[in-house]
Amino acid sequence: MAAVHAEKKRVPSTPTLEQATKLKAGSPATIAARAAALEARAASNRPDSAGRAAQTATTKVLEATFAREGAAATRALFDALDAELRRLDVLCAFEDHGPEVHHVARAVLRGSDDDEGGEPKTTLWLAELEGGAFALLAKPGRRWVLTVGTRDEILATVPDRWFDRAVREAGA
């Protein structure tokens, strides 16, 4: 179901998915599996209500990891989750604004401009692609522009405001 949702297809729930939504919460693994099933069902049937089960499952898994493996393991899990969410954010931005889909290895930077008293507006995403290339999706004017190239080529196109941070985050 998650793969189908990622392809933006809407399909009805299946008996297997319904069975998975009724798993008993006996371990962090079953909590996470049940939550994934609930999210898949919600994403398919009511996309606006998706997200609640994932938040609960993440909290439970982090609590269980802390209790069983300690703070260092919990921090490592939290960092990995954060990195994956940032990667998916870039991937969604590329799909929404870019002319072609790229395989994002990791998010490097997300830059936004303050909107005078309103919500900040994201104006660029910088990512490392699988294979080592970099990509910058930016809105320097009215249109989004996606530029792909080597690390140094792409860093040279990053606006001055974010340049130092982009270089630091991109690594040597």
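Residues numbered from 1 in each chain as written. Predicted model: local features only at pLDDT ≥ 70, side-chain atom pairs only at ≥ 80, totals over all residues. Heavy atoms only, no water.

Trainee: Lay out the packing of aromatic side chains in plain terms, naming residues and giving numbers.
Mentor: Counted by the stated rule, this structure contains one aromatic pair. Residues Trp 125 and Trp 144 carry aromatic rings whose centres are separated by 5.6 Å and whose planes lie at 40° to one another, so their mutual orientation is tilted. Placement of the pair is Trp 125 in strand β2 (residues 121-129) and Trp 144 in the loop between β3 (134-138) and β4 (145-149), with a sequence separation of 19 residues. On the basis of relative accessibility, which here comes to 23%, the residue Trp 144 falls in the partly exposed class. (Phe/Tyr/Trp six-rings, centres within 6.5 Å; stacked < 30°, edge-to-face > 60°. Helix = DSSP H or I, 4+ residues; strand = E, 2+ residues; numbered from the N terminus. Buried < 20%, exposed > 50% of the residue type's maximum accessible area, 1.4 Å probe, protein only.)

Trainee: Let's hear about the side chain of Thr 65: which residues, and what values?
Mentor: With respect to the helices and strands, the residue Thr 65 is situated in helix α4 (residues 52-69). Under the relative-accessibility criterion, Thr 65 is labelled buried at 12%. Those residues within four positions of Thr 65 in sequence are excluded, and the remaining contacts are Gly 70, Ala 73, Thr 74 and Leu 77. (Contact = heavy atoms within 4.5 Å.)

Trainee: Any chance you could break down the pairing of β2 for me, citing the residues and the numbers?
Mentor: Of all nine residues making up β2, seven are buried, and the element is well covered by its neighbours. Pairing analysis gives eight bridges linking strand β1 (residues 104-113) to β2, with the strands arranged antiparallel. The residue bridging Ala 107 from the neighbouring strand is Ala 127, located in β2. Examined bridge by bridge, β2 and β3 share five bridges and lie antiparallel to one another. The residue bridging Ala 127 from the neighbouring strand is Ala 135, located in β3. If you look at the hairpin formed by β2 and β3, you'll find four residues sitting between the two strands, and Gly 131 has a positive phi there, around 95°. (Pairing = 2+ DSSP bridges.)

Trainee: Summarise the pattern of salt bridges; cite the residues concerned and give the values.
Mentor: What the rule picks out here adds up to five salt bridges. As a salt-bridge pair, Arg 75 and Asp 79 come within 3.7 Å of each other at their nearest N and O atoms. You can see Arg 75 and its partner Asp 79 sitting in helix α5 (residues 71-97), four residues apart, about one turn around the helix. For Asp 79, a relative accessible area of 39% gives the class partly exposed. Between Arg 87 and Glu 84 there is a salt bridge, and its shortest N-O distance comes to 2.9 Å. Taken together, the positions of Arg 87 and Glu 84, both in helix α5 and three residues apart, correspond to about one turn of that helix. Overall, the relative accessible area of 18% leaves Arg 87 in the buried class. (Salt bridge = Lys/Arg side-chain N within 4 Å of Asp/Glu carboxyl O.)

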